[in-house]
Amino acid sequence: MSALRAPATIPERRGEPTPRRAPLTAVEGGAGRRLDAVRAPLQATSGVPFMVLCALVLVGALLAALLLNTTMARGSYEMSRLQREVGLVAQDVQEVQAELRTAESSLAEEANRLGMVPAEDMTMLSVAEGEVVAGTAEKP
């Protein structure tokens, strides 16, 4: 077999499609008049589709990163707003608890001022069952 290259064919007009593989050619070789059929090497194919695919993958990855970053930033702003709100609610709760403690401490004085006296015998009733739960009151 021979390793000679077949001449490249160049299309003369723009409208003709370029062949991907040249036709078989006969090359002289060996002893006598023996001819071997050898295919011409494949012509180079275009790398444009691969480049377009790579560009699309790159653009898709960049858009995904942008979307993820935007979502994370929005979540961060929401979290800081909620933390501020939790701080304000905690302050309100502390203020109400302080008011409750002061009201509890002055409750006995306020009751005495209104003329109330402490109960000597306390009885607890269950309204749902109609029974005395604790105390010394007589059952009806």
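What you see is a predicted model, and the numbers here were worked out from it, not measured in a lab.

A short note on the overall build of the chain
Thinking step 1. Across its full length, the chain holds two helices and four strands.
Thinking step 2. Start at the N end of the chain and walk to the C end: the helices and strands fall as β-β-α-α-β-β.
Thinking step 3. Put simply, the chain shows about 13,300 Å² of open surface, and 62% of that area lies on carbon and sulfur atoms.

Regarding the pattern of salt bridges
Two side chains bearing opposite charge may form a pair once their charged atoms approach each other closely.
Thinking step 1. Evaluation of the coordinates by the stated rule reveals three salt bridges.
Thinking step 2. The closest approach of N and O atoms between Glu85 and Arg81, which form a salt bridge, is 3.3 Å. Here the residue Glu85 and the residue Arg81 both occupy positions in helix H1 (residues 48–105), the gap between them amounting to four residues, near one helical turn.
Thinking step 3. A residue is classified by how much of its surface remains accessible, and Glu85, at 41% relative accessible area, is partly exposed.
Thinking step 4. Note that Arg113 and Glu110 form a salt bridge whose closest N and O atoms lie 2.3 Å from each other. Of this pair, Arg113 and Glu110 both sit in helix H2 (residues 107–113), three residues apart, which is roughly one turn of the helix.
Thinking step 5. A residue is classified by how much of its surface remains accessible, and Arg113, at 59% relative accessible area, is exposed.

Some points on the confidence of the model for the chain
Thinking step 1. Within the chain, residue pLDDT values average 81, and 70% of them lie at 70 or more.
Thinking step 2. When pLDDT is averaged over each element of the chain, H1 comes out on top at 95 and strand S1 (residues 25–28) at the bottom at 59.

Quick look at a nonpolar patch on the surface
Thinking step 1. A contiguous nonpolar patch, built from Phe50, Met51, Leu53 and Val57 and spanning about 460 Å² of accessible area, is present on the exposed surface.
Thinking step 2. Here Met51 shows up in helix H1.
Thinking step 3. Among the residues examined, Met51 registers a relative accessible area of 57% and is labelled exposed.

Let's talk about the pairing of strand S4 (residues 131–134)
Thinking step 1. Relative to S4, strand S3 (residues 124–126) runs antiparallel, the two being bridged by three bridges. By the bridge assignment for S4, Ser126 is matched with Glu131.

Scoring rules and cut-offs
- Residues numbered from 1 in each chain as written.
- Predicted model: local features only at pLDDT ≥ 70, side-chain atom pairs only at ≥ 80, totals over all residues.
- Heavy atoms only, no water.
- Helix = DSSP H or I, 4+ residues; strand = E, 2+ residues; numbered from the N terminus.
- Areas by Shrake-Rupley, 256 points an atom, 1.4 Å probe, with all protein chains shown as cover.
- Salt bridge = Lys/Arg side-chain N within 4 Å of Asp/Glu carboxyl O.
- Buried < 20%, exposed > 50% of the residue type's maximum accessible area, 1.4 Å probe, protein only.
- pLDDT = per-residue confidence, 0-100.
- Patch = residues over 30% accessible without salt bridge, like charges linked within 9 Å, V, L, I, M, F, W, Y side chains within 5 Å.
- Pairing = 2+ DSSP bridges.

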